[in-house]
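Understanding the architecture of this molecule
So you can see what is in the structure, the chains are spelled out below.
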Amino acid sequence: MNKKAELMALLGKNDPVEVTGEILQVKEEGDFVYEDLLLTLNTIEKVPGIFAYPKGVKNAPLVLFNHSHGGNFKQGKKELFNSSEYLQSPSFGETLLEMGYGVACIDHFSFGERQGKKESELVKEFLLTGRTLWGMRLFDSVHFLDYLVKRPEVDEKRIATIGMSMGGMMSWWLGCLDSRIKVVGDIAGQGDLETLIEERGLDHHGFYYYVPQLLTHFSTSELQELILPKYRVSVTGKDDLLCPINGVKKLQKHLTKAYKQQEIEDHFLSVIATGGHQETKEMRKIWQEFFQKNL
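Note that the coordinates shown come from a computational prediction; the quantities given were computed from them, not determined experimentally.

Right, let's get into the sheet that holds strand E4 (residues 60-66). Sheet architecture is open: nine strands sit in the order E1-E2-E3-E5-E4-E6-E7-E8-E9, paired in mixed fashion. Where the open sheet ends on each side, the last strands, each with one partner, are strand E1 (20-29) and strand E9 (268-273). With direction set aside, neighbouring strand axes in the sheet form an average angle of 15°. Of the strand pairs in this sheet, strand E8 (residues 231-237) and E9 are connected by six bridges, and their pairing is parallel. Bridge pairing in E9 places Val233 opposite Leu269.

The method is simple in principle: a probe with the dimensions of a water molecule rolls over the atoms, and the space it marks as empty is what remains. A complete count under the given rule lists one cavity of 30 Å³ or more for this structure. For the largest cavity, the calculated volume is near 60 Å³. What lines the largest cavity is simply Lys13, Asn14, Asp15, Leu41, Asn42, Thr43, Arg131, Met136, Phe139, Asp140 and His143. When grouped by side-chain class, the residues that make up the lining of the largest cavity number three nonpolar, four polar and four charged.

Take the layout of surface pockets next. For the largest pocket, the calculated volume is near 210 Å³. Around the largest pocket, the lining residues are Gln25, Val26, Lys27, Glu29, Tyr34, Glu35, Asp36, Ile50, Phe81 and Glu94. Those elements that provide at least two residues to the lining of the largest pocket are E1 and strand E2 (32-40). Of all the elements, E1 adds the most residues to the lining of the largest pocket, at four residues. Quantified by volume, the second largest pocket comes out at close to 150 Å³.

This part is about the pairing of E8. By the criterion of burial, E8 is predominantly enclosed, with six of the seven residues buried. Pairing of strand E7 (residues 183-187) with E8, which is carried by five bridges, proceeds in the parallel orientation. Along E8, the bridge assignment pairs Val184 with Arg232. Handedness of the crossover joining E8 and E9 through helix H9 (residues 245-261) is recorded here as right-handed.

Criteria and cut-off values
All chains use their own residue numbering, which begins from 1 and follows the written sequence. In view of the model being predicted, local features appear only for residues whose pLDDT reaches at least 70, and side-chain atom pairs are presented and counted only at 80 or more, with totals across whole chains, interfaces and linings using the full set of residues. For side-chain calculations, the full set of non-hydrogen atoms in the structure is used, while hydrogens and water are omitted. In this scheme, strands are said to pair when DSSP sees at least two bridges between them. In this text, helices come from DSSP runs of H or I with a minimum length of four residues, and strands from runs of E with a minimum of two, each type numbered from the N-terminal end. Lines fitted to C-alpha atoms define the axes here, with helix axes fitted over just the stretch in contact, and angles between the N-to-C directions of these axes take values from 0 to 180 degrees. Whether a set of points on the 1 Å grid over the protein atoms alone is a cavity depends on a 1.4 Å probe fitting there but being unable to get out, while an open set qualifies as a pocket with protein on both sides within 12 Å along at least five of seven lines; lining residues are those with an atom within 4 Å of a point. Grid points are joined across faces, edges and corners, and a volume is the space filled by probe spheres set on the points. Residues are sorted three ways: Asp, Glu, Lys and Arg are charged, Ala, Val, Leu, Ile, Met, Phe, Trp, Tyr, Cys and Pro are nonpolar, and all the rest, Gly among them, are polar. Partly exposed describes any residue whose relative accessible area lies between the buried limit of under 20% and the exposed limit of over 50%, with all areas from a 1.4 Å probe on protein chains only and scaled to the type maximum. Looking down the strands as they point away from you, a crossover is right-handed if its path from the first strand over the helix to the second goes clockwise.

Any functional reading would require information that these geometric values do not contain.
Structure representation (structure tokens):
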């Protein structure tokens, strides 16, 4: 079993599904088109999503945005165009559209229009039925890309993903799992699991994130090596308690060496910036420049 297959197995059951999407509403504002979608991405429930792109575009780069958690289950995909308080304005959606990219986001299980079951209930239900909540959220994103790459507006060879906090962790995990993603951006999502254990920081993260037996198969460093040779920008605040700085430095050192061994040092940028668990103006400038250069 290769490493990617091994990781997929740890994430639990991923039932085969015929991916489809229905456009519920189309709105044009200025130079951009906004679509509300209803998607079939799993065998459990329909998934609401957003897809926006420059008017008249064909084969544009696509950025899959992963919304954060923050305990705000009402927000979900709305974060794409309505920044949470710890994100910069203008929103990710507005910023990425102005950069010439298509942007897309879904409500993940328990968020936005999918609040029927609480996160805590789903963690238990999925574990009992051979799944994990983290796996199911990731699988929804992978299947969303299955839909998006068939759209004429999307250049399937120029796909990126980005997010902050839970969205940042989801971004680099998707970088491990999906070969179609070329550029990965994670903000305040660089949590080294071993450091979290050592520094008693596990309770800074919700139950949704924990995958049974993960550390018996991969260290966090080994897991993130699966992202290579993709382009990756990782930005963390030096005072971010959810991403202990010792762990960030450890991963930074290990991955810098791994990229250097493959002679692709320019594919990886890891920055420890001023701030805590947030996106600052400095962080916004860093990831924007990286995306402009590499996507």
